[in-house]
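Chains, contacts and geometry: an overview
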Amino acid sequence: MRYSAALHLPAAILRVLSCAFLCLFAAILTSCSKRDAAPAAGAAAKPDGFVHVSVGSEPTDLDPHVVTSLSEARILPALFEALVNFDPDTLAPTPGLAERWEVADDGLTYTFHLRAAQWSNGEPITAQDIVDSWRRILTPSLGADYAYFFYLIRGAEDFHKGRTKDFSQVGLATPDARTLVVALTHPAPYFLQILLNSPWRPVNVRAIAKVGDAYARGTRWTRPENIVTSGPFRLREWTPHQHIRVEKSPTYWDAANVKLAGVAFYPTDSVDAEERAFRAGQLHATYSVSLSKLATYRRDQPASLRMDDYVNTFLFRLNTRKAPLDNPALRRALSLAIDRGIITEKILKGGQKPAASFTPPNIPGYTPPARPLRDLEAARRLLAEAGYPESKGLPPLEILYNNSEINRIVAEAIQEMWRRDLGVTATLVNQEYKVVFANRRTGNYQILLGDWVADYLDPTTFLDLWRSDSGNNHTGWGSADYDALMDRANRTADPARRTELLRQAEALMLDAAPIIPIYFNTHVYLLSPSVRGWKPSPMDHIDYRHVSLAP
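To keep things clear, this report deals only with the structure shown in the data block. All values derive from a computational prediction rather than experimental measurement.

For the rest of this paragraph, the subject is the pattern of salt bridges. Inspection of the entire model under this criterion finds 33 salt bridges. Taking the shortest distance from any N to any O, the salt bridge between Asp421 and Arg374 comes out at 2.9 Å. With Asp421 in helix H13 (residues 405-422) and Arg374 in the loop between strand E14 (353-354) and helix H12 (376-385), this residue pair connects regions lying 47 residues apart in the sequence. On the basis of relative accessible area, Asp421 is assigned to the buried category, the value being 10%. Between Arg467 and Asp464 there is a salt bridge, with its nearest N and O atoms 3.1 Å apart. The structure contains a network of salt bridges with shared partners spanning Asp48, Arg234, Arg236, Glu237, Arg245 and Glu247.

Written out as structure tokens, the structure reads:
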């Protein structure tokens, strides 16, 4: 359901912005609807060997090839095994479906030797299964947002874009049933890291085809009665807006070392609802924590409060296809009028940092281009250059965000900054995540609040988004010069020169302002001290094999 959620603070409070923020945060709503599906009473109190976890928004699907949200990324590693896993302490690559691998001296060829693993239906997992899976995500009819990930593979871009119908031209080979050879277009030292992400996790295309068209969205192959998986757990129940339950899989290659009986995942858009469930012993882990509760947990239950490092940027996407946001001067004016320090220090207060770049500063070996965090004088000048002096003639703007109370608070704060400092009117529109995602893909928005989490530790995980042909761009902005800089960086072996080209590309994009970076995030949430082995990576990957519950 789409509705306007523009809110106005009392006039007396508006005189002092910082007071407005403090009053606003003290008044976080505590309502819980049926859609805010906290677990049923006593769900986690029963010692059933399940860890009970909140995942934020309701998953749109459990198909690794079409999903893009963090809630789904929290679930899918339990169901689908990666070719390569990573040590949670060192981030060194460890065996997954591949028990070993070799990399050619030129960095262009990877040879993976698969272990004797099975799908959940008992079929062996073969190298051809992986090729078939990757062919599926590259098939244009699937419309996979992450298909561009696979352009790393020689010939994959030509196949995905229809320049060739011959998949044998793609750089994948299977010398035998348990050997996979991958030929890359250019050296990518992060290639093993990228395999950990959902789009690269193989699916059983034969099993999908038994349910419907394997190369179309919406096939009901991910329902419990149909799904075939490869991970440490298998899907037992999926009740939309209530829970997803996965149970230990007897066919998993490392089942002997899986400690949990299962994992129960709960979607909820209410941070207050999940905090109440955590306090009642119904959740072991929340997705986030209410801003109003941070001080209380810091003081009274510090062992339950987690503030993990996170390679994650919150941003506005701006729809550059339509007036008035087709005007780069207006876009830059809006960016420079945001007081990011207020948001991170007075509102969020969880270790977040103001963002003037899109790429976070904690990507090893990369320093983002410097840009001002705030400049009201320049913002007002740019607003006039855009044709809207003192915002005269500028129609109201619309900020779209999903059902997240933290997103609401951040959106309200920026709404007020623009009103107070530029005279710009913005209304707020709140929608369920599935609807927001659909509107993002179709360009049915003006300003969209969202975030991006690194898929691997390299600046390209952020900068590839803004290529003209990226499936996750969704702003309408594209630049041949930007694409050329990114291509040159890919072809450059010298690390220092490559970094400089990426910095030039990011600077070009920031000056064009199809996005507005807001803050670099941390992951602030609650975790029961009874949970052992919970070690998320900086990209928030959880390996559930290592998780257990204290006796």
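Once you've had a look at it, read on.
Turning next to the sheet that holds strand E8 (residues 179-183). Spatially, the four strands line up as an open sheet ordered E5-E6-E8-E7, and their pairing is antiparallel. The sheet is open, and its two borders are formed by strand E5 (98-103) and strand E7 (172-176), each paired with just one other strand. Each strand axis lies, on average, 20° off the axis of its neighbour in the sheet, ignoring direction. In this sheet, strand E6 (residues 109-114) lies alongside E5 in antiparallel orientation, the contact comprising five bridges. Residue Glu102 lies in a different strand from E6, and its bridge partner there is Thr111.

In this structure, the amide linkage connecting Ala323 to the following residue, Pro324, adopts the cis form with an omega of 0°. As for its position among the elements, Pro324 is in the loop between strand E13 (312-318) and helix H10 (328-336). A positive phi angle, close to 65°, is found at Ser391, a residue other than glycine. Structurally, the position occupied by Ser391 is in the loop between H12 and strand E15 (397-402). Its identity is not glycine, yet His474 carries a phi of approximately 60°, on the positive side. By relative accessible area, His474 is classed as buried at 10%.

On to helix H11 (residues 340-348), then. Of all nine residues making up H11, seven are buried, and the element is well covered by its neighbours. Taken as a whole, H11 has its buried residues at Arg340, Gly341, Ile342, Ile343, Thr344, Ile347 and Leu348.

Overall, mixed pairing links the four strands, which are arranged E2-E11-E10-E9 in an open sheet. Since the sheet does not close on itself, it has two edges, and those belong to strand E2 (50-56) and strand E9 (233-239), each with one partner. Each adjacent strand pair in this sheet contributes to an overall mean axis angle of 20°, direction not counted. Taken together, the four bridges between strand E10 (residues 243-248) and strand E11 (residues 262-267) define a ladder with antiparallel strand orientation. When the sheet's bridge partners are listed, Arg245 is paired in E11 with Ala264. Along the sheet, helix H3 (residues 70-79) contacts E2, E9, E10 and E11; its crossing angle with E2, the most-contacted strand, is approximately 145°.

What follows concerns the pairing of E15. Remark: a regular strand shows side chains that alternate across the two faces of the sheet. Counting buried residues in E15 gives five out of six residues, a clear majority hidden from the surface. Two elements, E15 and strand E16 (residues 426-431), share six bridges in a ladder whose sense is parallel. Bridge assignment links Tyr401 to a residue of E16, and that residue is Asn430. Between the parallel elements E15 and E16, the chain passes through H13 in a crossover that is right-handed. Bridge count for E15 against strand E17 (residues 447-453) is two bridges, and the pairing is parallel.

If you look at the biggest cluster of nonpolar residues, it comprises 107 residues, and the most contacted ones within it are Leu83, Phe112, Trp134, Phe191, Phe265 and Trp534. Setting aside anything within four residues of it in sequence, one finds Phe112 in contact with Leu83, Val84, Ala98, Arg100, Trp101, Arg178, Thr179, Leu180, Val182, Phe191, Leu192 and Leu195. Counting residues in hydrophobic clusters, the runner-up holds 56 residues, among them Phe314, Ile343, Leu383 and Val410.

Below, the discussion takes up the side chain of Ser270. Looking at the element boundaries, Ser270 is found in the loop between E11 and helix H8 (271-279). Here Ala273 takes part through its backbone nitrogen, which lies 3.0 Å from a polar atom of the side chain of Ser270.

Looking now at the packing of aromatic side chains. Applying the stated criterion across every chain yields a total of 25 aromatic pairs. Centroid distance Phe150 to Trp200: 3.8 Å. Interplanar angle 20°. Geometry classified as stacked. Here Phe150 is found in the loop between helix H4 (127-138) and helix H5 (156-160), whereas its partner Trp200 is found in the loop between helix H6 (191-194) and helix H7 (205-209), with 50 residues between them in sequence. Taken as a pair, Phe150 and Trp200 share a single burial class, namely buried. Members of the aromatic cluster, each reached through a chain of ring pairs, are Tyr110, Phe112, Trp134, Phe150, Phe191 and Trp200. Of note, Arg115 hangs over the ring of Trp253, and the distance from its end group to the ring centre comes to 3.5 Å.

What counts and what doesn't
Residues numbered from 1 in each chain as written. Predicted model: local features only at pLDDT ≥ 70, side-chain atom pairs only at ≥ 80, totals over all residues. Heavy atoms only, no water. Salt bridge = Lys/Arg side-chain N within 4 Å of Asp/Glu carboxyl O. Helix = DSSP H or I, 4+ residues; strand = E, 2+ residues; numbered from the N terminus. Buried < 20%, exposed > 50% of the residue type's maximum accessible area, 1.4 Å probe, protein only. Pairing = 2+ DSSP bridges. Axes fitted to C-alpha atoms, helices over the stretch in contact; angles between N-to-C directions. Contact = heavy atoms within 4.5 Å. Right-handed = clockwise from strand over helix to strand, strands pointing away. Core = buried A, V, L, I, M, F, W, Y, C linked by side-chain atoms within 4.5 Å. Polar contact = N/O pair within 3.5 Å; in protein donor to acceptor, adjacent residues only side chain to side chain. Phe/Tyr/Trp six-rings, centres within 6.5 Å; stacked < 30°, edge-to-face > 60°. Lys NZ or Arg CZ within 6 Å of the ring centre and 35° of its normal.

In short, geometric facts, not functional conclusions.
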